[in-house]
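The lines below spell out each chain.
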Amino acid sequence: MIKVGEFNLLRVKKEADFGVYLEGVDQEILLPTRFVPEGTKVGDELKVFLYHDSENRLIATTQEPYGVVGDIVSLKAVSTTRQGAFLDWGLMKDLFVAQSQQLTRMVPGQEYLVKIYIDELTGRLAATEKLDRFLSNEHLTVQEKDLVDLIIYRRTDIGYVVIINNQHTGIIHHNELFRSVETGDKLKGFIRRIRDNKIDVIPGQAGYKRVEDESEKIMRLLAENNGYLPYHDKSTPEEIQEFFGMSKKTFKMTIGTLYKQRKVEFTQTGIKSLED
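These numbers were taken from a predicted model, which means no experiment stands behind them.

### Some remarks on the nonpolar core
Among the nonpolar cores identified, the biggest contains 32 residues, and Leu22 and Leu87 are the most heavily contacted of them. In terms of residues, this core owes the most to one element, strand E4 (residues 45-52), which gives five residues. Leave out the neighbours within four places in its chain, and Leu22 touches Leu10, Arg11, Val12, Lys13, Gln27, Glu28, Ile29, Leu31, Leu46, Val48 and Ala60.

Here's what the structure looks like:
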């Protein structure tokens, strides 16, 4: 079974002057010459992405789009018509967004957060800005402490609404976010709390896994600065945030872990690496 808008593993059936034909369920699918890997021969299996060309023919490519069916991604508008707009999604043929699927009229050069889907009427790939109908917290597929994929959705008075695993919505509170973000930014996070199907999330990873990630960062920064950094538990939260991109609480917990592991030592003016 082939899947439009996704990657498929298809066998080369025959060669042609303008490419190779791949075996579909009830049809042959063209992979144009420019996308055929060197040395390809009949019988080989190729990983290809399937979509429809401008003449509504199913076609294959070895190019990788910025997203596949079901993904929510930030894409740049490249042109507009009365019917809608076209977005650059990494393929030769741009992705169409109907006027009815736009929240505001799109402008070339601007980026927009959209979901890639298959239009039921045409069977062709399309995009929409109207994401809320695809997001629901009624039946949750996550639980507290789960590591999840997050997309920044919109800013509110208390924090940022984020899209969780392309399925649910949650909140990162302002006091938990220690970096500047924009709509469409992707990051990892974990579920902090779920109450009445409302989800609070925190960037990074839960517990000691989060400390381990920050430990690697501090050790890298030490190595890049001759094994010494002029920061300690008396440094201000603002100084820590600006240099390390983490809260002072996380910084103190992390260097404490590194100290116990005998990877760093404390001086009167900072921290020093004990690794060569």
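### What to know about the pairing of strand E12 (residues 159-164)
Among the six residues of E12, six are classified as buried, and the element is accordingly described as predominantly covered. Where strand E11 (residues 147-155) lies against E12, five bridges are found, and the strand directions are antiparallel. Pairing of Arg154 across the sheet is with Val161, part of E12. Linking E11 to E12, which pair antiparallel, is a turn of three residues. The hairpin turn running from E12 into strand E13 (residues 168-173), its antiparallel successor, is three residues long, and Asn165 in that turn takes a positive phi close to 50 degrees.

### As for the sheet that holds strand E6 (residues 72-80)
What the five strands build is an open sheet, ordered E8-E7-E6-E9-E10; its pairing is antiparallel. Looking at strand neighbours, the two that pair on one side only are strand E8 (95-98) and strand E10 (125-128), the edges of this open sheet. Neighbour-to-neighbour, the strand axes of the sheet open up by a mean angle of 55 degrees, direction not taken into account.

### Quick notes on the pairing of strand E14 (residues 186-195)
Put simply, side chains in a regular strand alternate between the two faces of the sheet. The pairing of E11 with E14 spans five bridges and is antiparallel. The residue bridging Ile151 from the neighbouring strand is Lys186, located in E14. As defined by bridge partners, E14 adjoins strand E15 (residues 198-203) across six bridges and the pair is classed as antiparallel. Bridge assignment links Ile191 to a residue of E15, and that residue is Val201. The turn joining E14 and E15, which pair antiparallel and follow one another in sequence, is formed by two residues; a positive phi near 50 degrees is taken by Asp196.

### Thoughts on the packing of aromatic side chains
Tallying each qualifying case throughout the model produces 11 aromatic pairs. On the numbers, 5.2 Å between centres and 50 degrees between planes, the contact of Phe86 with Phe96 is tilted. Taken together, the residues Phe86 in strand E7 (residues 84-88) and Phe96 in strand E8 connect sequence positions 10 residues apart. Judged by relative accessible area, Phe86 falls into the partly exposed class, the value being 26%. You can call Phe96 partly exposed: its relative accessible area is 26%. Their ring planes at 80 degrees and their centres at 4.8 Å tell us that Phe243 and Phe244 sit as a pair that is edge-to-face. Its relative accessible area of 0% is what places Phe244 among the buried residues. The residue whose ring lies beneath Lys14 is Tyr21, and the NZ or CZ to ring-centre distance is 5.4 Å.

Definitions and limits used
- Residues numbered from 1 in each chain as written.
- Predicted model: local features only at pLDDT ≥ 70, side-chain atom pairs only at ≥ 80, totals over all residues.
- Heavy atoms only, no water.
- Core = buried A, V, L, I, M, F, W, Y, C linked by side-chain atoms within 4.5 Å.
- Buried < 20%, exposed > 50% of the residue type's maximum accessible area, 1.4 Å probe, protein only.
- Helix = DSSP H or I, 4+ residues; strand = E, 2+ residues; numbered from the N terminus.
- Contact = heavy atoms within 4.5 Å.
- Pairing = 2+ DSSP bridges.
- Axes fitted to C-alpha atoms, helices over the stretch in contact; angles between N-to-C directions.
- Phe/Tyr/Trp six-rings, centres within 6.5 Å; stacked < 30°, edge-to-face > 60°.
- Lys NZ or Arg CZ within 6 Å of the ring centre and 35° of its normal.

Interpretation note: all reported values are geometric properties and have no functional meaning in isolation.
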